Amino acid sequence: MTKSDYSKFFSFIAFTLAAAILWFLFRYNDTYVEDTTVKIEWSNVPVDIKLNEKSKKISVPIKVQASGFTLLWLNYAKAESTLDFKQFVKSSNGKMLYSPANSQSAINIAVGDNIKILEIDKKTIQLDFERFASKRVSLEKEFKLRFTGNYQQVGENQFDVEEVTITGNDDSVASFENLKIDIEDIEVSDSLVVHEIDLKKLYPKLNIKPQKVSYTIHAAQMTEGSLRIPITILNKPADAKVKLIPESVNVIFSSRLKDYDSIDASDFAVTVDMTGLTSGEASATPAIIFDNKYINEARVQPQSVQILIIQ
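Residues numbered from 1 in each chain as written. Predicted model: local features only at pLDDT ≥ 70, side-chain atom pairs only at ≥ 80, totals over all residues. Heavy atoms only, no water.

Draft legend 1. Fine view of the environment of Phe132. Along the chain, Phe132 turns up in the loop between β9 (129-131) and β10 (133-141). Residues Phe132 and Lys50, spaced 82 residues apart in sequence, show a C-alpha to C-alpha distance of 7.7 Å. Leave out the neighbours within four places in its chain, and Phe132 touches Asp48, Lys50, Thr167, Gly168, Asn169 and Asp170. (Helix = DSSP H or I, 4+ residues; strand = E, 2+ residues; numbered from the N terminus. Contact = heavy atoms within 4.5 Å.)

Next comes the structure, spelled out in structure tokens:
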């Protein structure tokens, strides 16, 4: 083959390719209508429902309008849409039913602006599923708090929710009366500690809602003080003289450091009630009463006193 023949051959090939490309561009730049399918996946599926494999992703026939290029890509990549299960799936007589026509707008948005859905299959689709047992249980604290420095608990510590909903194997769920929260001890070195707990890590075989809870600890820097308080005898027999040994006790109290100066002896009353004593009893435990809101706790030393009754 001569050089001239090679030149003519390659010119023919180039012309043919150019013509094919131009035909392709003109052919697929037009708008077409085509039947295809869209794959539907689900979000927000209730925790007490498990869809079978076929129902997790379903195919819905649709008729679309788009350019030839878009349709070529659509046939290659396939259209997909994720729909909210609770919004589009209805429960009826123990069945889960999905009507594609009710979600045409949502699917149209999902497949993109370049594709317009003209028609969607109106046949209702029944989803196959298993329903698991579900119930509400309370949370039970199984961990300890370690207060560091001079921090002590003040007020009530608590979870941010009293109960959670657990879902799973019927027999397993039935065995739970409460959900024990057994984690490492929580160290408290501040006035407010909020500890987040991932329940899914503690119980991986259960679906739990909410999955995460928090435990809040209120604490304060505390200090101790001591005051000498005389004991008051209540219901003393009229015909007898009663002597206590000792007649005064030390009241040891704790309070927040900043409230220490707001506490004095007038805030305490220590009593021994003779009514509660049996005949011949020679000792009693003093009762302590305080009404100052700044006092966290209080105790007496010694814990018991001797009683002498002189007729």
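Moving on from the model shown.
Draft legend 2. Highlighting the sheet that holds strand β14 (residues 163-168). Reading across from one edge, β15-β10-β14-β18 is the order of the four strands in this open sheet, with mixed pairing throughout. On the outer flanks of this sheet lie β15 (178-181) and β18 (207-209), each paired with one strand and no other. Recorded for the sheet is a direction-independent mean angle of 35 degrees between the axes of neighbouring strands. Bridging between β14 and β18 involves three bridges; their strand directions are antiparallel. In the strand pairing of β18, Ile166 is matched with Ile208. (Pairing = 2+ DSSP bridges. Axes fitted to C-alpha atoms, helices over the stretch in contact; angles between N-to-C directions.)

Draft legend 3. Molecular detail of the packing of aromatic side chains. For the structure on display, the rule yields nine aromatic pairs. Ring plane angle 85 degrees and centroid distance 5.1 Å describe the contact between Trp42 and Tyr98, whose orientation is recorded as edge-to-face. A residue pair is termed long-range when its members are at least 10 positions apart, and Trp42 in strand β1 (residues 31-43) and Tyr98 in strand β6 (residues 95-98) qualify at 56 residues. Exposure class is identical for Trp42 and Tyr98. Each is buried. (Phe/Tyr/Trp six-rings, centres within 6.5 Å; stacked < 30°, edge-to-face > 60°. Buried < 20%, exposed > 50% of the residue type's maximum accessible area, 1.4 Å probe, protein only.)

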